[in-house]
Amino acid sequence: MRRRPSRLVMGAAAALAVALVAAGCEAKVYGTTPAPPKAPPVTGVAPQGELAPLPQAPPDEPAATFDGLADRARQATADAAKAGAKISAVVLDRNTGQIVSSGDQPFPIASVVKLFIADDLLMRDEPLSPVDRRSLDVMLRSSDDSAAEIFWNQLGGSAVIGRIVARYKLTGTSAPYDGHWDVTLSTASDLVRYYDMLLDGSGGLPRDKAEIILSNLALSTPMAIDGTQPGGVYPQRFGIPDGLYAEPVAVKQGWFCCWNGANQLHVSTGVIGPERRYVMAISSLQPTDPAAARNTITQVVKTMFPGGRI
């Protein structure tokens, strides 16, 4: 994600349809999309036509033990608060419907909105060109902003959010106040709902197309494309991937500075487990440096799930 300098959002935009009363973030000026930076190498690409089918959550599997998870989530949130971080986290067991939540205030979802862009793009009848398919893959795996910007504009900008909200019945998600995709607002519970409906098909995206998204997220690269950072890359294993290190995960991450002052924003979302049984979304806002902020959100996940496993 790009760096976003903070500014006071005035007038009607200040509401942002939520109680953030944000000091906001000023987007960089968009116009002609710059040539995308060289992407990190992508390895382990599944051949076309050989993607594993989306699993259904096994109906008769015994309930997962969430014993103690709510207490650990409260402890993790309290520990993070001591470091100045504001945490919002939701975990869902798709088999049993159990949900554990630790705060669910709206936040800007940064590059996580690339899920919505990809979903809306794949919902169209016309097939993707080879060039667009490659751009989609890199956008999801390596969080390429240039690809996201091109698709966002082609699809009508904020209209993307309206269509996703309608199909997935998201009650806490709203279009960006300034028209720039990275300040789309959502909640951890809405993002968990989105993944759950993407997995079971109830959001309307055909299962073969949903698998394009999920299989790309399973190939998330350790470093993301980010032209604002030294070397043009940014570590994106924070949160779920490094916190749930003993589980297979498929994740979409988001980040930028700064929001509501000098806060570093980090968002980690995805599906967890060999049967894609669990869904989690977590965000952190913390006035610190990027490395410390990444460590904070990862430590929250580790505290919630000792041993790196659900």
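Not measured: the values here are computed from a predicted model.

*Asks:* Mind laying out the packing of helix α3 (residues 130-142) against helix α7 (residues 207-217), listing which residues take part and the relevant values?
*Replies:* Two elements in contact, α3 and α7, have axes whose closest approach is 8 Å; the angle formed by their N-to-C orientations is 50 degrees. In terms of their interaxial angle, α3 and α7 are classed as oblique. Crossing handedness for the pair α3 and α7: right-handed. Contacts between α3 and α7 pair R133, L136, D137, L140 and R141 from the former with I212, I213, N216 and L217 from the latter.

*Asks:* Before we move on, could you go through the packing of helix α2 (residues 113-122) against α7 and cite the residues and values that matter?
*Replies:* As a packed pair, α2 and α7 sit with axes 9 Å apart at the nearest point and diverge in direction by 150 degrees. Here α2 is positioned roughly antiparallel relative to α7, judged by the angle of their axes. When you trace α2 past α7, the crossing you get is right-handed. Contacts from L115, A118, D119 and L122 in α2 reach K209, I212, I213 and L217 in α7. For the contact of α2 with α7, a count of residues per class yields 6 nonpolar, no polar and 2 charged.

*Asks:* Just give me the short version of the pattern of salt bridges, but keep the residues and values in it.
*Replies:* Taken as a whole, this structure holds 11 salt bridges when the rule is applied. Between R94 and D196 there is a salt bridge, with the nearest N and O atoms lying 3.1 Å from each other. Taken as a pair, R94 in the loop between β1 (86-93) and β2 (99-102) and D196 in helix α6 (residues 188-200) lie far apart in primary sequence, 102 residues in all. Judged by its relative accessible area of 21%, D196 is partly exposed. Here R124 and E126 are joined by a salt bridge, their closest N and O atoms 3.5 Å apart. Note on R124: relative accessible area 25%, which makes it partly exposed. One salt-bridge network, in which partners are shared between bridges, spans R133, D137 and R141.

*Asks:* Report on the sheet that holds β2, specifying residues and quantitative values.
*Replies:* Consider a sheet: its strands pair through backbone hydrogen bonds, and that pairing is either parallel or antiparallel. Pairing within the open sheet is antiparallel, and its 5 strands lie in the order β2-β1-β9-β8-β7. Two strands lie at the open edges of the sheet, namely β2 and β7 (249-259), each paired on one side alone. Adjacent strand axes in the sheet meet at a mean angle of 5 degrees when their direction is disregarded. Pairing of β1 with strand β9 (residues 278-286) involves 8 bridges; the strand directions are antiparallel. Pairing of A89 across the sheet is with I282, part of β9. This element, helix α1 (residues 69-82), spans β1 and β2 of the sheet and lies at about 20 degrees to β2.

*Asks:* Give a description of the state of the cysteines that names residues and reports values.
*Replies:* Applying the stated rule across the entire model yields 1 disulfide. Between the sulfur of C257 and that of C258 lies a disulfide, 1.9 Å long from S to S. What sets the handedness of the C257 and C258 disulfide is the S-S torsion sign, and at about 55 degrees it is right-handed. Assessed through its relative accessible area of 8%, C258 is described here as buried.

*Asks:* Let's hear about the packing of aromatic side chains: which residues, and what values?
*Replies:* Where two aromatic rings form a pair, the distance of their centres and the angle of their planes describe that pair. For the structure on display, the rule yields 7 aromatic pairs. Here Y168 and Y194 contribute two aromatic rings whose centre-to-centre distance is 4.6 Å and whose plane-to-plane angle is 50 degrees, an arrangement assigned as tilted. Here Y168 is found in helix α5 (residues 159-168), whereas its partner Y194 is found in helix α6, with 26 residues between them in sequence. The pair formed by Y168 and Y194 is uniform in burial state, with each residue classed as buried. Look at Y234 and W255: their rings are 4.8 Å apart centre to centre, the planes differ by 15 degrees, and that puts the pair in the stacked class. Residue Y234 is found in strand β6 (residues 233-235), and its partner W255 is found in strand β7; the two are separated by 21 residues along the sequence. Neither residue differs from the other here; Y234 and W255 are each classed as buried. One aromatic cluster is present, formed by F116, Y168, Y194 and Y195 through successive ring pairs. A cation sits over an aromatic face here: R294 above Y234, 4.9 Å from the ring centre.

*Asks:* Could you give an account of the pairing of β2, with specific residues and numbers?
*Replies:* Alternating positions in β2 separate cleanly, V100 and S102 being buried on one face and I99 and S101 remaining unburied on the opposite face. Pairing of β1 with β2 involves 4 bridges; the strand directions are antiparallel. Looking across to β2, one finds that L92 is bridged to I99. Counted between consecutive antiparallel strands, the loop separating β1 from β2 contains 5 residues, among which G97 sits at a positive phi close to 80 degrees.

*Asks:* Pulling in residues and values, what's your account of the side chain of K114?
*Replies:* Among the structural elements, K114 can be located in helix α2. Overall, K114 belongs to the buried group, its relative accessible area being 0%. Residue contacts for K114: discarding those within four places in its chain leaves M139, L140, S143, D144, D145, A148, W181 and K252.

How each quantity is defined
Residues numbered from 1 in each chain as written. Predicted model: local features only at pLDDT ≥ 70, side-chain atom pairs only at ≥ 80, totals over all residues. Heavy atoms only, no water. Axes fitted to C-alpha atoms, helices over the stretch in contact; angles between N-to-C directions. Helix = DSSP H or I, 4+ residues; strand = E, 2+ residues; numbered from the N terminus. Parallel < 35°, antiparallel > 145°, perpendicular 65-115°, else oblique. Left-handed = near helix turned anticlockwise from the far one by under 90°. Contact = heavy atoms within 4.5 Å. Nonpolar A, V, L, I, M, F, W, Y, C, P; charged D, E, K, R; others polar. Salt bridge = Lys/Arg side-chain N within 4 Å of Asp/Glu carboxyl O. Buried < 20%, exposed > 50% of the residue type's maximum accessible area, 1.4 Å probe, protein only. Pairing = 2+ DSSP bridges. Disulfide = S-S within 2.5 Å. Phe/Tyr/Trp six-rings, centres within 6.5 Å; stacked < 30°, edge-to-face > 60°. Lys NZ or Arg CZ within 6 Å of the ring centre and 35° of its normal.

In short, geometric facts, not functional conclusions.
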